[in-house]
Amino acid sequence: VRHAAGTAPFVVRAGDAAVRDVGTAFTVRADAAERGTTVRVAVTEGEVALAGRPGAAEVALRAGDVGTVGVRGEVGTARRAVTSTDELGWLAGRLAWRAAPMPEVRADLQRWYGLTLVVDPALADRRVTLTLAGERPDEVLRLIAAALGAAVTRTGDTATLRPAPALRPSATLAAPGRPARAV
């Protein structure tokens, strides 16, 4: 959202969050979580005021800050966490994750590619750092799996991530007078 200086501020509502413009440029992202909506606000220029539940105190976010509102209306902030290239990459067809939690990755795959991602519980707490720019869905899944050291399978619009199977030795080598070793 870009707002012209000198005009009246406006409020963007997403889930329980209210973002009041104070003359700035910012992005708002709302994702459905298992029990509600989570909201992420990234300020690229100027300042906004972020509040959780109606009537809650506002938190000032300045250029470079990221604010979040959780499913219970709690507000969190990360100062100087915005990389405007990442936050605004979607305008140029780029999707960037920086230590993104799996729920965010799942939501983005659904939004961008129409894919449902099922994640094995052993990988549920892992985070993904990856930048995409026009890759096809199968390549995206392969890159995510590689970033996690995981295996991926796909059936239709559903992909499943599991821990990669342990490698088995493919051959046994032995030099004369030495014990055999797996390679």
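As the structure is a prediction and not an experimental result, all values here were calculated from the model.

K.L.:
Looking at this structure, I do not really get the packing of helix H2 (residues 102-113) against helix H3 (residues 137-148). What am I missing?
P.N.:
Packed helix pairs are characterised by how far apart their axes lie and by the angle those axes make with each other. For the pair H2 and H3, interaxial distance at closest approach is 12 Å and the crossing angle is 170 degrees. The pairing of H2 with H3 is recorded here as roughly antiparallel in orientation. Of the residues in H3, those in contact with Met102, Val105, Leu109 and Tyr113 of H2 are Pro137, Val140, Leu141, Ile144 and Leu148. Here the residues of the contact of H2 with H3 are counted per class, giving 9 nonpolar, no polar and no charged.

K.L.:
Where do I start with the sheet that holds strand E12 (residues 150-155) in this structure?
P.N.:
Each strand in a sheet pairs with its neighbour through backbone hydrogen bonds, running either in the same direction (parallel) or in the opposite one (antiparallel). In space, the 3 strands of this open sheet follow the order E10-E13-E12, with mixed pairing throughout. A single partner strand is all that each edge strand has here, and the edge strands are strand E10 (116-119) and E12. Ignoring strand direction, the axes of neighbouring strands in this sheet form an average angle of 20 degrees. Here 6 bridges tie E12 to strand E13 (residues 158-163), and the two strands are oriented antiparallel to one another. Within the sheet, the bridge partner assigned to Thr155 lies in E13 and is Thr158.

K.L.:
Would you mind showing me how to read unusual backbone geometry here?
P.N.:
For residues other than glycine, phi is negative in most cases, and the peptide bonds are mostly trans. A positive phi angle is found at Ala99, which is not glycine, with a value near 55 degrees. Relative to the elements of secondary structure, Ala99 occurs in strand E9 (residues 94-101).

K.L.:
I would appreciate a short explanation of H3 in the present structure.
P.N.:
Two residues of an α-helix separated by three or four positions point the same way, owing to the 3.6 residues in each turn. Under the 1.5 Å per step criterion, the end-to-end length of H3 is 17 Å for 12 residues, consistent within 8% with the ideal 16 Å. Three or more residues of H3 are buried, namely Val140, Leu141, Ile144, Ala145 and Leu148. Along the axis of H3, the buried positions cluster into a sector of 130 degrees, meaning they face one direction only. Looking at the packing, one finds that the buried side of H3 touches E9, H2, E10, strand E11 (127-133), E12 and E13. Positioned one or two residues after H3, Gly149 has a phi angle of 65 degrees, which is positive.

K.L.:
Is there a simple way to think about the environment of Arg127 in this case?
P.N.:
When you line up the elements, Arg127 lands in strand E11. Overall, the relative accessible area of 52% leaves Arg127 in the exposed class. Looking at Arg127, its side chain comes within polar contact range of the main-chain oxygen of Ala99, at 2.7 Å.

K.L.:
How do you make sense of the pairing of E10 when you look at a structure like this?
P.N.:
Regular strands place side chains that alternate from one sheet face to the opposite one. The side-chain alternation of E10 yields one buried face, formed by Leu117 and Val119, and one unburied face, formed by Thr116 and Val118. In terms of strand pairing, E10 meets E13 through 4 bridges, oriented parallel. Pairing of Leu117 across the sheet is with Ala159, part of E13.

K.L.:
Sorry, what's going on with the pairing of strand E5 (residues 47-51) here?
P.N.:
Counting buried positions along E5 gives 4 out of 5 residues, so the element sits mostly inside the fold. Pairing analysis gives 4 bridges linking strand E2 (residues 17-21) to E5, with the strands arranged antiparallel. Across the sheet, the residue bridging to Arg20 is Ala49, located in E5. As paired strands, E5 and strand E6 (residues 59-62) are joined by 4 bridges and run antiparallel to one another. Bridge pairing in E6 links Val48 to Leu61.

K.L.:
Explanation requested: the side chain of Asp108 in the structure shown.
P.N.:
Here Asp108 is to be found in helix H2. Polar side-chain contacts of Asp108 include one of 2.7 Å to the side chain of Arg111. Residues within four places of Asp108 in sequence aside, it is in contact with Arg29, Leu95, Trp97 and Tyr113.

The rules we used
- Residues numbered from 1 in each chain as written.
- Predicted model: local features only at pLDDT ≥ 70, side-chain atom pairs only at ≥ 80, totals over all residues.
- Heavy atoms only, no water.
- Axes fitted to C-alpha atoms, helices over the stretch in contact; angles between N-to-C directions.
- Helix = DSSP H or I, 4+ residues; strand = E, 2+ residues; numbered from the N terminus.
- Parallel < 35°, antiparallel > 145°, perpendicular 65-115°, else oblique.
- Contact = heavy atoms within 4.5 Å.
- Nonpolar A, V, L, I, M, F, W, Y, C, P; charged D, E, K, R; others polar.
- Pairing = 2+ DSSP bridges.
- Expected span 1.5 Å × (residues − 1).
- Buried < 20%, exposed > 50% of the residue type's maximum accessible area, 1.4 Å probe, protein only.
- Arc of directions from axis to C-beta.
- Polar contact = N/O pair within 3.5 Å; in protein donor to acceptor, adjacent residues only side chain to side chain.

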